[in-house]
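Topology and contacts: notes
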Amino acid sequence: TASKGGNLLLNIGPMASGAIPPESLDRLHGLADWMDGHADSIHGTVASPFTGTSFRATRSPAGERINVFLPAWPTSRELLLPGLVTVPTHASMLGPSGRESLPARRVDAGVVVTLPSAPSNATCSVLRVEARQPLIVRA
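Residues numbered from 1 in each chain as written. Predicted model: local features only at pLDDT ≥ 70, side-chain atom pairs only at ≥ 80, totals over all residues. Heavy atoms only, no water.

1. Looking at the confidence of the model for the protein
- Averaged over the protein, the pLDDT score is 93; the fraction of residues at 70 or greater is 99%.
- Within the protein, the element-level pLDDT minimum falls on helix α1 (residues 22-38), averaging 92, and the maximum on strand β6 (residues 110-114), averaging 98. (pLDDT = per-residue confidence, 0-100. Helix = DSSP H or I, 4+ residues; strand = E, 2+ residues; numbered from the N terminus.)

2. Digging into the sheet that holds strand β3 (residues 78-82)
- Spatially, β3-β6-β5 is the arrangement adopted by the 3 strands of the open sheet, whose pairing is antiparallel. Each edge of the open sheet is held by one strand with a lone partner, namely β3 and β5 (104-107). In this sheet, adjacent strand axes meet at a mean angle of 25° when their direction is disregarded.
- Inspection of the sheet shows β5 paired to β6 by 4 bridges, in the antiparallel sense. Each residue of the ladder has a partner; that of Val-107, found in β6, is Gly-110. (Pairing = 2+ DSSP bridges. Axes fitted to C-alpha atoms, helices over the stretch in contact; angles between N-to-C directions.)

3. What to know about the pairing of strand β1 (residues 56-59)
- Bridge count for β1 against strand β2 (residues 65-70) is 4 bridges, and the pairing is antiparallel. Paired with Arg-59 across the two strands is Ile-66, which belongs to β2.

4. With respect to the packing of aromatic side chains
- Scanning the model with the defined rule gives 2 aromatic pairs in all.
- Centroid distance Trp-34 to Phe-69: 6.4 Å. Interplanar angle 35°. Geometry classified as tilted. Residue Trp-34 is located in helix α1, and its partner Phe-69 is located in strand β2; the two are separated by 35 residues in the primary sequence.
- Taking the relative accessible area as the measure of exposure, Phe-69 reaches 10% and is therefore buried.
- An angle of 80° between the planes, with centres 5.3 Å apart, marks the rings of Phe-50 and Phe-55 as edge-to-face. Like Phe-55, Phe-50 is buried. (Phe/Tyr/Trp six-rings, centres within 6.5 Å; stacked < 30°, edge-to-face > 60°. Buried < 20%, exposed > 50% of the residue type's maximum accessible area, 1.4 Å probe, protein only.)

Here it is in structure tokens:
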């Protein structure tokens, strides 16, 4: 939702007794666990600069950070960020196992980031690319 510039409202229905159903609690706890390491990829971001990609993304308002959401781990360890003109100064996975610098290189179609061999999160891994200036994406 954030990748398209929207906000998501979570609504759970309590039982007649006022208690929250266990299934809802499980989902809310899972969301809270994911947000512990990934909240800044959602909060205070703007819509994705990419169009027509298999992934979703958000970016910082100034454009110096892009967050790429990978709910399904790519079969290839190389992820093309199409149309990205600016080569990132830093690329890494968010979350507890992240922050290890990942290689990024410019190709004709954009920038390719070499991902780790395994996802950083079982639910949805987030790749962050950063630069000292705004990251420019051309359609």
